[in-house]
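One letter stands for each residue in the lines below.
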Amino acid sequence: MSVYLDHAATTPMFDVAIDAMNSSLRKLGNPSSLHTEGRSTRKDVEDAREKIAKAAHCLASEVIFTGSGTEANNAAIKGLFWRTDKKVIVVSSIEHHAVLDPAHWLVEHEGAELIEIPVTTGGVIDLEFLQKVVADRRNEIALISVMHSNNETGVIQPIADVVSIAGDIPVHCDAVQSFTKVPLSFKELGLFAMTISGHKVGGPLGIGALILRRAVEIPALLHGGGQERDIRSGTLNAPSIVGLAAAVESNLFDAKKVAALRNSFEVGVMAARPDAVINGQSAERLPGISNITFPGTQSDSLLLLMDSQKVSCSTGAACTAGVHRPSHVLMAMGLTDVVSQSSLRFSFGSTSTETDVAYALSVLPDVITRGLAAHSVGRK
Amino acid sequence: MKIIAAMSGGVDSAVAAARAVEAGHEVIGVHLALSSNPQKYRSGARGCCTIEDSHDARRAADVIGIPFYIWDMADEFHEGVVENFMSEYAAGRTPNPCLRCNEKIKFAAVLDRAKAMGFDGVVTGHYARTRESDMGRTLHRAIDPLKDQSYVLAVLNREQINGAIFPLGDTEKVDIRIEAEARGLAVAQKPDSHDICFVPSGDNAGWLRDRMGSEVGPIVDQAGNKLGEHKGAYTYTIGQRKGLGLTVPTADGSPRFVLKIEPVSNTVVVGAREDLAVTSMRGERPIFCGPEVGAAPLRGFVQVRAHGAALDCTYYVDNGQLVAELDAPLLGLATGQAMVIYDGDRVVGSATICETA
């Protein structure tokens, strides 16, 4: 058998989403066209927009479709920065590269100053630090961006507190991992901007959305027709939009079931390897993510060995050459680079089963034993 | 067997991996990341260190249908190969980093890790053959004399040879490219890599000068008379004639050659062509690919460069050092080079040349 435990990377599309997308793929019409076919496709897109708005708890007009979560993050970070002449960007130190990289790019090319909010050993951002930064630099801060939950550890961040500390400073939230997994309201959180992505929620790859508060105008990244509120141009990807909406509307993610599987996996791991450490366990976490350190191993060896036993998991970070790198998230939580390179992420989703958990646990002890041996020859 | 295929991104290692799969092995492709700061694209014929090469290796593994991973060996490579390359030059010797890489990385760090993880061996695209006989498993030259890489593999001990598979030794390179084409491997026509992979410009002297500085020193004749100045002794090699920039001509107008590099006094010694002649050599830290050689003299061949000639010699071990006495003199031999002994086409062993006479 093969066991897929990398749902945080991408998760299978729901059948309802595939069916909806298939029908849309067979349909003719550019949503921007004025004739019958165009109007019909436009209706599908706007129906989808309303469904997504309902799930994200925002206005339909606040949903801007993009080609990916990464694009939505870039649009938000760069757009909110360029919107004013303020130069300070505040982000958490555990953001995804889709937030960190555009922020660093603005530092290198646009004279931005970046302030990173540290996290506790439990993986939660330091609100006191944020409070102090906002008190000291309030009038210079262009935006604050903090993810709703971390993609490596699953630790949920106190976004409501961030918004309350920020006051009138725009707050963007990368909610790619959290959307549809835990309760999340754009409106109640009082966000300026929020990012979601299709393939993390049972929808297709290649579709995301930036939720941007009504009447907030930001400069566009892509010009060429202004289809999405003049903030994003390009013919709307109707089939993927329809697929994403169908996945979101289906509400098929069973958080209780997924959390139970994750928890039983963690109990099993700790029974087999009492020296293992579950990163971020003390904090409130997403139901499906488990990040575990196996002391004395190297995670790329463990991944290879798990893979050869047909269990798919993740090591977290890799550079452009595909070389495994220490995770900036785990290092921000105080782990050394060596320890952070001894960690694996297992992530569970709607298709995960108790059999998956049992199988993964059955191969784990031998994998860890071999991983320990491989690491000890490496240090010889 | 369960084996790791070391895949550089070139045509040879790709075909070697494919042949290993066909031979019935369970094969996993591994690309070694040897540079901590890899170039994006390959330039010229220097290979296996770029992101483009790692993509080529991944693509080949996908086409062959085997799992593929990247192993970060940059630290091991730097310590075992690059630093050794610099310190050898600094000591006035001429090292061959490809041998060091086989000795320290491909058949040591990789093989050790593979074995610890439950694999039985490593398959590579080297052109060499192994044979089973009453001597155990022995290492032999490839059938393609132009591609034969047994010289750079002569640093492997018996245990390493037992863990190594070289599927290409019985085929000529031209046929490997045809086979790669037939297998649908996009690297079929990728140029061969030459020279030293971590010196992307191919300019060894410039590379060394950037890292070790260029301290000016004297160029002298064998009597110690100063004839000129050099810009860093390690940028010269024994037997070098061109680029000496000497202003004092010899009495008879005959050319001068580099005879010796003295790192401590930062001196380059030059002399006549006949002064380059070497009739015997001693090598330290001998490694035997098969049965060990003793004090009793044996007849065979010695080779001192990767694609150099096999020279008739008598060889034996004396005081822990491998000695080869040549039938005919050889011109221009640097310490630091590897001496590899052959018995016919069988690789007997190797040592690092520490003394010539």
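Located above this text is the structure these notes cover.
Further remarks concern the packing of helix α1 (residues 11–22) of chain B against helix α7 (residues 173–182) of chain B. All names here are of chain B. Where α1 contacts α7, the axes come no closer than 10 Å and their chain directions differ by 70°. Classified by the angle their axes make, α1 and α7 are roughly perpendicular. The handedness of the crossing between α1 and α7 comes out as left-handed. Between α1, through Val11, Asp12, Val15 and Arg19, and α7, the contact on the second element is made entirely by Lys173, Ile176, Arg177, Glu179 and Ala180.

Okay, unusual backbone geometry next. Residue and element names in this part refer to chain A. Residue arginine 229 is not a glycine yet carries a positive backbone phi of 55°. Looking at the element boundaries, arginine 229 is found in the loop between β8 (208–212) and α8 (238–250). In this structure, aspartate 230 takes a positive phi of about 65° despite not being glycine. With respect to the element layout, aspartate 230 can be found in the loop between β8 and α8. Given a relative accessible area of 60%, aspartate 230 falls into the exposed group.

Before going further, it helps to examine the sheet that holds β8 of chain A. Residue and element names in this part refer to chain A. One open sheet accounts for 7 strands, arranged β2-β8-β7-β6-β5-β3-β4; its pairing is mixed. Here the strands that pair on one side only, and so sit at the sheet edges, are β2 (63–66) and β4 (113–117). Ignoring strand direction, the axes of neighbouring strands in this sheet form an average angle of 20°. Looking at chain direction, strand β3 (residues 88–92) and β4 are connected through 5 bridges and run parallel. Among the inter-strand pairings, valine 88 is bridged to a residue of β4, identified as glutamate 113. In the packing of helix α2 (residues 36–56) onto the sheet, contacts are made with β2, β7 (193–197) and β8, and the angle to β2 comes to roughly 115°. Along the sheet face, helix α5 (residues 127–137) touches β3, β4 and β5 (141–145) and points at about 150° away from the line of β4.

Another point: the environment of phenylalanine 81 of chain A. Residue and element names in this part refer to chain A. Among the secondary structure elements, phenylalanine 81 is positioned in helix α3 (residues 69–82). What makes phenylalanine 81 buried here is its relative accessible area of 2%. Those residues in contact with phenylalanine 81 that sit more than four places away from it in its chain are Lys86, Lys87, Ile89, Leu106, Glu110, Ala112, Ala142 and Leu143.

Attention shifts here to the side chain of histidine 126 of chain B. Residues and elements named next belong to chain B. One can find histidine 126 in the loop between β4 (121–123) and β5 (128–133). You can call histidine 126 buried: its relative accessible area is 9%. Here the side chain of histidine 126 touches asparagine 102 through a polar contact of 3.5 Å, side chain to side chain. With sequence-adjacent residues up to four places away left out, histidine 126 is seen in contact with Asn102, Lys106, Phe107, Gln149, Val152, Leu153, Phe166 and Leu168.

Here we come to the pairing of strand β12 (residues 277–288) of chain B. Look at any regular strand and the pattern is simple: side chains alternate between the two faces of the sheet. Residue and element names in this part refer to chain B. Across 6 bridges, the pairing between β12 and strand β15 (residues 321–331) is antiparallel. Following the sheet pairing, glycine 283 is matched in β15 by leucine 322. As judged from the 6 bridges shared by β12 and strand β17 (residues 346–356), these two strands associate in the antiparallel manner. Bridge pairing in β17 links methionine 281 to threonine 356.

What follows deals with the nonpolar core. If you look at the biggest cluster of nonpolar residues, it comprises 61 residues, and the most contacted ones within it are Phe294 and Phe346 of chain A together with Trp71 and Phe198 of chain B. For this core, the element with the highest residue contribution is helix α13 (residues 354–378) of chain A, accounting for 8 residues. Sequence-distant contacts of phenylalanine 198 of chain B, defined by excluding residues within four places in its chain, comprise Phe77, Val81, Val82, Phe85, Pro97 and Trp207 of chain B. Grouped together as the second largest cluster of nonpolar side chains are 52 residues, Met194, Ile207, Ile211 and Leu244 of chain A included.

For the rest of this paragraph, the subject is the environment of aspartate 210 of chain B. Residue and element names in this part refer to chain B. Relative to the helices and strands, aspartate 210 is located in helix α8 (residues 204–212). Relative accessible area serves as the criterion here: at 65%, aspartate 210 is assigned to the exposed category. Taking the C-alpha atoms as reference, aspartate 210 lies 37 Å from cysteine 289; in sequence the two are 79 residues apart.

We now examine a nonpolar patch on the surface. On the surface, Trp82, Trp105, Leu221 and Leu222 of chain A cluster together to form a nonpolar patch covering roughly 320 Å² of accessible area. Note that tryptophan 105 of chain A resides in helix α4 (residues 97–110).

Contacts between the two partners involve 18 residues from chain A, matched on the other side by 17 residues from chain B. In this assembly, chain A packs against chain B so that about 1,500 Å² is buried in total across both faces, 58% of it on carbon and sulfur atoms. Across the contact surface, chain A and chain B share 2 salt bridges. Linking arginine 113 of chain B and aspartate 300 of chain A is a salt bridge whose minimum nitrogen-to-oxygen distance equals 3.1 Å. Our count for the contact surface shared by chain A and chain B stands at 5 residue pairs in polar contact (both at pLDDT 80 or more). Elements represented by at least two residues in the side of chain A that touches chain B include exactly α10 (299–308) and α13 of chain A.

Turning our attention to the environment of proline 286 of chain B. Residues and elements named next belong to chain B. Looking at the element boundaries, proline 286 is found in strand β12. With relative accessibility at 24%, the residue proline 286 sits in the partly exposed group. Taking the C-alpha atoms as reference, proline 286 lies 9.3 Å from methionine 339; in sequence the two are 53 residues apart. If we ignore the near neighbours within four places in the chain, the residues touching proline 286 are Gly320, Leu322, Ser350 and Ala351.

In this section: the sheet that holds strand β9 (residues 277–278) of chain A. Paired through backbone hydrogen bonds, the strands of a sheet run either parallel or antiparallel to each other. Residue and element names in this part refer to chain A. Spatial strand order, β9-β10-β12: 3 strands in an open sheet with antiparallel pairing. Where the open sheet ends on each side, the last strands, each with one partner, are β9 and β12 (343–347). Alignment of β9 against strand β10 (residues 289–293), held across 2 bridges, turns out to be antiparallel. Counted as the bridge partner of valine 277 is threonine 293 from β10.

Conventions we followed
Residues numbered from 1 in each chain as written. Chains lettered and ligands numbered in written order. Predicted model: local features only at pLDDT ≥ 70, side-chain atom pairs only at ≥ 80, totals over all residues. Heavy atoms only, no water. Axes fitted to C-alpha atoms, helices over the stretch in contact; angles between N-to-C directions. Helix = DSSP H or I, 4+ residues; strand = E, 2+ residues; numbered from the N terminus. Parallel < 35°, antiparallel > 145°, perpendicular 65-115°, else oblique. Left-handed = near helix turned anticlockwise from the far one by under 90°. Contact = heavy atoms within 4.5 Å. Buried < 20%, exposed > 50% of the residue type's maximum accessible area, 1.4 Å probe, protein only. Pairing = 2+ DSSP bridges. Polar contact = N/O pair within 3.5 Å; in protein donor to acceptor, adjacent residues only side chain to side chain. Core = buried A, V, L, I, M, F, W, Y, C linked by side-chain atoms within 4.5 Å. Patch = residues over 30% accessible without salt bridge, like charges linked within 9 Å, V, L, I, M, F, W, Y side chains within 5 Å. Areas by Shrake-Rupley, 256 points an atom, 1.4 Å probe, with all protein chains shown as cover. Salt bridge = Lys/Arg side-chain N within 4 Å of Asp/Glu carboxyl O. Buried area = accessible area lost by both parts, 1.4 Å probe.

Structural measurements only, silent on function.
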